[in-house]
Structures are given as structure tokens and as C-alpha cells.
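Overview (structure and organization)
Read off the chains here:
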Amino acid sequence: MPKGPECQVERCKFPATKMHRLKEQSGPFDYPTDFAVCDIHKDKLSDSATEWMLLYEDDGVRRLLVGPMLTELDEFLVLAPITKLTVYSQSSRVVSHPESNGYYLPIRVRRRGGEEETLTLVLPFDALVETADFLHGIAHRNDKVDEP
Ligand SMILES: [Zn+2]
């Protein structure tokens, strides 16, 4: 029996049964974003609550990640500005390696494709000024932001 095209969502092996046009919720541009998808992904992508990401690889390959598969990107959205910084005194916390100590920055985040959580970054003491200057520079558009 001849096999039809597969759903174009990453790693989905179900047959593509419908076309779906991806649309950013507030995107001003119209990209060529028609995808052949299976029934399940048609339903998911038609739900505006579904999180998805379209990635264009260097070789021109498009990857469409939907829902929980976004967790593989290991990206965390910061949900609120960082407004708290803690320093533990020697009498409350002792670490084996001094270089692994620093300022504790709790950050409310949501992993792409996942749930909200609080991460705590530990910023080594001698990295604070450089980090703050870097972020300050971006905020004032003096620094170049690296392309990946
Ligand atoms: Zn599918």
C-alpha cells in the first residue's frame, strides 16, 4: 500500500490529512507557513492556547515543534523582572568551592513547552559587575547581541 506524506510536526509519524497555516497571534508578517499535519496536530494547532515554534535551520530545513516537545530547547522565559538578590553569610551557608558561591537570584520562569517554576541563578561575586554592565548595555542598545 503506498504511503502518503507524514505529518510535518517534528517526529510525528502519523499521515498528514489536513493543511494548517501557522499564524503568529500578533504577527505583522505573512510567512509561507502552510504545513501538512495529522488530525491530532490539526486540532492542537487550531487551539490558540497551544504553544509552538517554527525553526529555520541553516540548511533551510523547517522544524515545527509543538507543545511539550519545546522543552528540548531548554529555554526558559523570564516571567517577571529580577528584583531580588540574596547573599548568604558564612554563618548560614558554607560551600566547598568558593568560586561556586555568589549572589542568589531567584527568577520566576516558564520552560518553553512546560510549567512555571522558580529557578535560582547563582552569580559568582566577581561576575556581577560585568553581567550588569552587559545587560545595561543591551538595555541602552550599546552592545551587540550575539547571533547564535
Ligand atoms: Zn502529527
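The following refers to the structure shown. Since the model is a prediction, treat every value here as computed from it, not as a measurement.

Within the chain, the regular secondary structure consists of two helices and seven strands. When its helices and strands are written in sequence order, the chain yields β-β-α-β-β-β-β-β-α. For the chain, with 148 residues in total, the buried portion stands at 24%. Expressed as a percentage of contacts within the chain between residues at least 6 apart in sequence, the contacts between residues at least 24 apart total 40%.

In terms of burial, strand β6 (residues 102–111) is largely enclosed, as seven of its ten residues are buried. Direction of pairing for strand β5 (residues 76–78) relative to β6: antiparallel, over a ladder of three bridges. Bridging across to β6, Leu77 finds its partner in Arg110. Bridge analysis of β6 against strand β7 (residues 116–124) gives nine bridges, and the strand direction is antiparallel.

Attention shifts here to the coordination of the zinc ion. Protein ligation of the zinc ion involves Cys7 (SG), Cys12 (SG), Cys38 (SG) and His41 (ND1), the donor distances falling in the range 2.0 to 2.3 Å. Given four donor atoms and angles of 103 to 113° at the metal, the environment of the zinc ion is assigned as tetrahedral. Each donor residue of the zinc ion belongs to the same chain, and together they define the spacing C-x4-C-x25-C-x2-H. One end of the pair, Cys7, is in the segment before β1 (18–21); the other, His41, is in helix α1 (residues 39–46), and 34 residues separate them in sequence. Each member of the pair, Cys7 as well as His41, is classed as buried.

Across all of its chains, the model carries twelve salt bridges by this definition. One salt bridge connects Lys13 with Glu6, and the closest N-O pair in it is separated by 3.9 Å. With its nearest N and O atoms 3.0 Å apart, the salt bridge here joins Asp39 to Lys18. Note that Asp39 is positioned in helix α1 and Lys18 in strand β1, a separation of 21 residues in sequence.

Among the surface-exposed residues, Leu85, Val87 and Phe125 lie close enough to one another that they form a single nonpolar patch of about 260 Å² accessible area. Tracing the chain through its elements places Val87 in the loop between β5 and β6.

Here is what the cut-offs are and how they apply
- Note on numbering: residues in each chain are counted from 1, in written sequence order.
- Per-residue local features are limited, in this predicted model, to residues with pLDDT of at least 70; the limit for side-chain atom pairs, both in listing and counting, is 80 or more; totals at the level of whole chains, interfaces and linings are taken over all residues.
- Side-chain calculation: all heavy atoms of the structure are included, whereas hydrogens and water are not.
- By the criteria applied, helices consist of DSSP H or I runs no shorter than four residues and strands consist of E runs no shorter than two, each listed in order from the N terminus.
- Exposure is judged per residue with a 1.4 Å probe applied to protein chains only, and the accessible area is read against the type maximum: over 50% gives exposed, under 20% gives buried, and values in between give partly exposed.
- Every residue pair with non-hydrogen atoms within 4.5 Å of one another is taken to be in contact.
- Should DSSP find at least two bridges between two strands, the strands are taken to pair.
- Excluding water, the donors of a metal are its N, O and S neighbours within 2.8 Å, or within 3.2 Å for Na, K and Ca, and that exclusion means sites may look incomplete.
- Square planar and octahedral sites, with four and six donors, are those where opposite donors lie more than 155 degrees apart and all other angles lie between 65 and 115, tetrahedral sites have four donors with every angle between 85 and 135 degrees, and the rest are irregular.
- When a carboxyl oxygen of Asp or Glu is within 4 Å of a side-chain nitrogen of Lys or Arg, the pair counts as a salt bridge.
- Patch rule: a residue counts if its relative accessible area is over 30% and it has no salt bridge; like charges are joined within 9 Å, and nonpolar side chains (Val, Leu, Ile, Met, Phe, Trp, Tyr) within 5 Å.
- The Shrake-Rupley method, run with a 1.4 Å probe sphere, supplies the accessible areas, and residue values consider only the shown protein chains as cover.

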